[in-house]
Amino acid sequence: MREAWIIDGVRTPRGKGKASGALHDVHPQELLGGLLRALADRGLDPADVDDVVMGNGEHAGDHANDIARSAVLTAGWPVTVPGLTLNRFCGGGQQAVMAAATGVLAGWQDLVVAGGVESMSRHSYGQPLDAGNPLLRARYPLVPQGVAADLIATLEGFDREAVDRFAVRSQDRAAAAMKEGRFDRSIVPVRSESGAVLLDRDEHPRPGTTVESLGQLPASFERSGAKPRSDGRSYDEMCRDTYPEAGAIQHVHHAGNSSGVVDGAAAVAVASDSYARAHGLSPRAKIVTGAVRGAEPVIMLTAPGPAAELCLAKAGMTAADIDLWEINEAFAAVPLKVIKDLALDPDRVNVNGGAIALGHPIGATGAMLFQTLIDELERRDLSTGMVTMCTGGGMATATIIERV
């Protein structure tokens, strides 16, 4: 049987997602194009690439019009290389890697570059999740993700101290990982047109963060949760209409225990085992299987656990078979719920920190997590890892990889 192998992976550092961030002035096409050139410099033959598949959550403005194809062109790759841009919200980058594996395992493709990009400092932040459709809103009163995270915390009993402790752990682990250079193999510095280095390390982390310092931050979604919307109901009321058992929504999330807004891109080379052997390419990991799952869309962020369980069942594995987990830290309550529901050892989850410390460049994060996971499996000489992440609209992606 054919196998889908991850040959290499590169990413940009994550830049602060604001006008003062180091990557704000770099067009997102160029962030991706630079990574494609880096893969070629590291031995990948662009002429052999069957497709470039990229996740993105914006699809407008600077991210519009199939940014994957635009990145191929700006990278100077052969015009015969096509590009596909897809959107599964926050799971876009992970979905792109799974799409690449699907094409390879089906025998339709032999070499695909997959990943994603998001310059959040250039986002328009225009449409609500229901895109203004009153009929959808009547069926599912979709609320902002931060309010949904507070709903999870309320129902699960995660108080402010618990989510803040998790956030501090993310910062501490990320600081240790950066100090020891654990991300260095995957990071490609972003340069200006003149060749000057604009950013060569993640810009978002705040080392030295404490529970006490986080305790000074106001809850981010309390005011928006209480404000009446066009139909007269507040987001908190929408939550209570769907989950009356929640009672008063406890707003515990804030900027310090939620994923950071950042700019960044990532690219992963996925090849068939036959192509890799024929071209002398050494695999770093095998994509065992993947799964996607939907969940109730008002609470929205609860699908990573079910997606992971489905993925494990397809592989004939249990949670105990996974050496390391990467669970995207969209909000602290999300990984806390997965850890609780799957009875995971926290010391095997997000061991190098996560998006609370490092940031979450929506369409790129999933591909970045594969790189972080593979690098750490190699460093620890472990075998098997899982990536899972929640997405907007009540979905999640999950993938199991094994070192080869």
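Residues numbered from 1 in each chain as written. Predicted model: local features only at pLDDT ≥ 70, side-chain atom pairs only at ≥ 80, totals over all residues. Heavy atoms only, no water.

1. Thoughts on the nonpolar core
Cut-off, in case you're wondering: Nonpolar cores are built from buried Ala, Val, Leu, Ile, Met, Phe, Trp, Tyr and Cys residues. Side-chain atoms within 4.5 Å join them into one set. We call a residue buried when its accessible area falls under 20% of the maximum for its residue type, exposed when it is over 50%, and partly exposed in between, using a 1.4 Å probe and counting protein chains only. Numbered from the N terminus, helices here are DSSP runs of H or I no shorter than four residues, and strands are runs of E no shorter than two. The contact rule is simple, with two residues in contact once any of their heavy atoms fall within 4.5 Å.
The biggest cluster of nonpolar side chains holds 52 residues, and the ones touching the most others in it are Leu301, Leu312, Trp325, Leu344 and Met386. Secondary-structure elements contributing two or more residues to this core are helix H5 (145-156), helix H6 (160-179), helix H9 (235-242), helix H11 (304-315), strand E10 (324-327), helix H12 (333-341), strand E11 (384-391) and strand E12 (395-403). The element contributing the most residues to this core is H5, with six residues. Discounting residues that sit within four places of it in the chain, Trp325 has contacts with Ala308, Leu312, Ala319, Leu342, Leu344, Arg348, Val349, Asn350 and Met386. Leu31, Leu32, Val72 and Val113 belong to the second-largest nonpolar core, a separate cluster that totals 34 residues.

2. Let's talk about the environment of Asn56
Applied cut-off: Contacts described as polar in this section are N or O atom pairs within 3.5 Å, which, within protein, must combine one atom able to donate a hydrogen with one able to accept it, while residues neighboring in sequence count only if both atoms come from side chains.
Looking at the secondary structure, you find Asn56 in the loop between strand E3 (51-55) and helix H2 (67-74). Residue classification places Asn56 among the buried positions, given a relative accessible area of 0%. Along the chain, Asn56 and Ala364 lie 308 residues apart, while their C-alpha atoms are 7.1 Å from each other. With near-sequence residues (within four places) excluded, Asn56 lies in contact with His63, Thr85, Leu86, Asn87, Val117, Glu118 and Gly363. There is a polar contact of 3.0 Å between the side chain of Asn56 and the backbone nitrogen of Glu58. One polar contact links the side chain of Asn56 to the main-chain amide nitrogen of His59, over a distance of 2.8 Å.

3. Re unusual backbone geometry
Of note, the phi angle at Ala131 is positive, near 55°, even though the residue is not glycine. By secondary structure assignment, the location of Ala131 is in the loop between strand E5 (111-119) and helix H4 (134-139). The backbone phi angle of Asp381 is positive, close to 55°, even though this residue is not glycine. Position of Asp381 among the secondary structure elements: in the loop between helix H14 (365-380) and E11. You can call Asp381 exposed: its relative accessible area is 60%.

4. Things to note about the pattern of salt bridges
Between side chains of opposite charge, pairing is possible as soon as their charged atoms come close. As a reminder, the rule being used: For this analysis, a salt bridge means a side-chain nitrogen from Lys or Arg found within 4 Å of a carboxyl oxygen belonging to Asp or Glu.
For the structure shown, the criterion picks out 24 salt bridges. For Asp202, the salt bridge is made with Arg11, and the minimal N-O distance between the two is 2.9 Å. Remark: Arg11 occurs in strand E1 (residues 4-11) and Asp202 occurs in the loop between strand E7 (197-199) and helix H7 (211-214); sequence separation between them is 191 residues. For the pair Asp202 and Arg11, one class covers both residues: buried.

5. Overview of the packing of aromatic side chains
To be explicit about the condition: In this scheme Phe, Tyr and Trp rings, the latter by its six-membered ring, pair at centre separations within 6.5 Å, and the angle between planes marks the pair as stacked below 30 degrees, edge-to-face above 60, and tilted otherwise. Here, a charge over a ring is recorded when the distance from Lys NZ or Arg CZ to the ring centre is within 6 Å and its angle to the ring normal is within 35 degrees.
Applying the stated criterion to the full structure yields one aromatic pair. The interplanar angle of 75° and the centroid separation of 6.0 Å between the aromatic rings of Phe221 and Phe331 together place this pair among those described as edge-to-face. Here Phe221, found in the loop between H7 and helix H8 (222-226), pairs with Phe331, found in the loop between E10 and H12; they are 110 residues apart in sequence, far enough to count as distant. Judged by relative accessible area, Phe331 falls into the buried class, the value being 8%. Just above the ring of Phe183 sits the side chain of Arg11; from NZ or CZ to the centre is 5.4 Å.

6. Some details on H14
Keep this limit in mind: Helix span, as expected, comes to 1.5 Å for every residue beyond the first.
Between its first and last C-alpha atoms H14 spans 22 Å; for 16 residues at 1.5 Å apiece the expected length is 22 Å, and the two agree. Across the 16 residues that make up H14, a large majority, 13, are buried. Remark: Asp381 follows H14 within two positions and exhibits a positive phi of approximately 55°.

7. Focus on the environment of Gly17
Mapped onto the elements of the fold, Gly17 is located in the loop between strand E2 (15-16) and helix H1 (28-41). Distance in space between the C-alpha atoms of Gly17 and Ser119 is 7.0 Å, their sequence separation being 102 residues.

8. So, the packing of helix H3 (residues 92-105) against H14
Stated formally: Orientation is described by lines fitted to C-alpha atoms, with helices fitted over the stretch in contact, and by angles between N-to-C directions that extend from 0 to 180 degrees. Orientation categories follow fixed angle ranges, with anything under 35 degrees roughly parallel, anything over 145 roughly antiparallel, 65 to 115 roughly perpendicular, and all other angles oblique. Following the grouping adopted for this structure description, the nonpolar residues are Ala, Val, Leu, Ile, Met, Phe, Trp, Tyr, Cys and Pro, the charged ones are Asp, Glu, Lys and Arg, and the polar ones are all others, Gly among them.
Contact geometry of H3 with H14 gives a least axis separation of 4 Å together with a crossing angle of 70°. As the angle between them shows, H3 and H14 are arranged roughly perpendicular. Counted together, Gly93, Gln94 and Val97 of H3 and Gly366, Ala367 and Phe370 of H14 form the full contact between these two elements. Residues that form the contact of H3 with H14 fall into these classes: three nonpolar, three polar and no charged.

9. Here's the deal with H11
Our working definition: Working note: the arc is built from the helix axis to C-beta atom directions.
With twelve residues, H11 should cover 16 Å at 1.5 Å per step; its first-to-last C-alpha distance of 16 Å lies within 8% of that length. Among the residues making up H11, those that are buried are Pro304, Gly305, Ala307, Ala308, Cys311 and Leu312. Along the long axis of H11, the arc covered by the buried residues comes to 165°, so they all point the same way. Within H11, the exposed residues directed more than 90 degrees away from the buried face are Ala313 and Lys314. Those residues of H11 hidden inside the fold are in contact with strand E9 (285-294), E10, H12, E11 and E12. Directly after H11, the chain includes Gly316, whose backbone phi takes a positive value near 70°.

Function cannot be inferred from these measures alone, as they are strictly geometric.
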